Amino acid sequence: MITIICSECSRAPFGATASGLFRCDNCGSEITSRDLVLDPGEVWAVDSAGTLGYLPAA
């Protein structure tokens with residue numbers, strides 16, 4: 001999995017929240033899965049620590 005880093009601060013990954021949003025661990029910026037722009041064949045994923053990332057196309 002490739003971790004998605006916040007575009008607002010460029011310092012930290014997004015973590016899953018109980019509300020279903022993803023929050024930057026550094027600046028607190030929030031996004032939804034609909035905000036993600038992935039290439040064809042890529043899928044977003046959350047690891048066991050709750051970090052947002054994506055899986056590259058096979």
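Our subject is the structure listed above.
Rules behind the numbers
Residues numbered from 1 in each chain as written. Predicted model: local features only at pLDDT ≥ 70, side-chain atom pairs only at ≥ 80, totals over all residues. Heavy atoms only, no water. Helix = DSSP H or I, 4+ residues; strand = E, 2+ residues; numbered from the N terminus. Rg over C-alpha atoms; globule rule 2.2 N^0.38 Å. Buried < 20%, exposed > 50% of the residue type's maximum accessible area, 1.4 Å probe, protein only. Pairing = 2+ DSSP bridges. Contact = heavy atoms within 4.5 Å.

Participant: Quick question: what am I supposed to make of the overall build of the protein chain here?
Facilitator: Counting its secondary structure elements, the protein chain contains zero helices and six strands. Ordered by position from the N terminus, the helices and strands of the protein chain form the series β-β-β-β-β-β. Against the compact-globule benchmark of 10 Å for 58 residues, the protein chain has a radius of gyration of 11 Å, which places it among compact chains. Counting only C-alpha atoms, the protein chain reaches 30 × 20 × 20 Å along its principal axes. The buried share of the protein chain, reckoned over its 58 residues, is 31%.

Participant: So what exactly am I meant to see when it comes to the sheet that holds strand E2 (residues 14-16) here?
Facilitator: Backbone hydrogen bonds hold the strands of a sheet together, and the pairing may be parallel or antiparallel. The strand order across the open sheet built from three strands is E2-E3-E4, with neighbouring strands paired in antiparallel fashion. Two strands close off the open sheet at either side, each with one partner strand: E2 and strand E4 (30-31). Here E2 runs beside strand E3 (residues 22-24); their pairing, made up of three bridges, is antiparallel. In the sheet register, Phe 14 faces E3, and the bridge partner there is Cys 24.

Participant: Any chance you could explain the environment of Tyr 54 here in plain terms?
Facilitator: Note on placement: Tyr 54 falls in strand E6 (residues 52-55). For the pair Tyr 54 and Ile 2, spaced 52 residues apart in the sequence, the C-alpha separation amounts to 5.3 Å. Every residue in contact with Tyr 54, bar those within four places of it in the chain, is listed here: Met 1, Ile 2, Ile 4, Leu 38, Glu 42, Val 43, Trp 44 and Ala 45.

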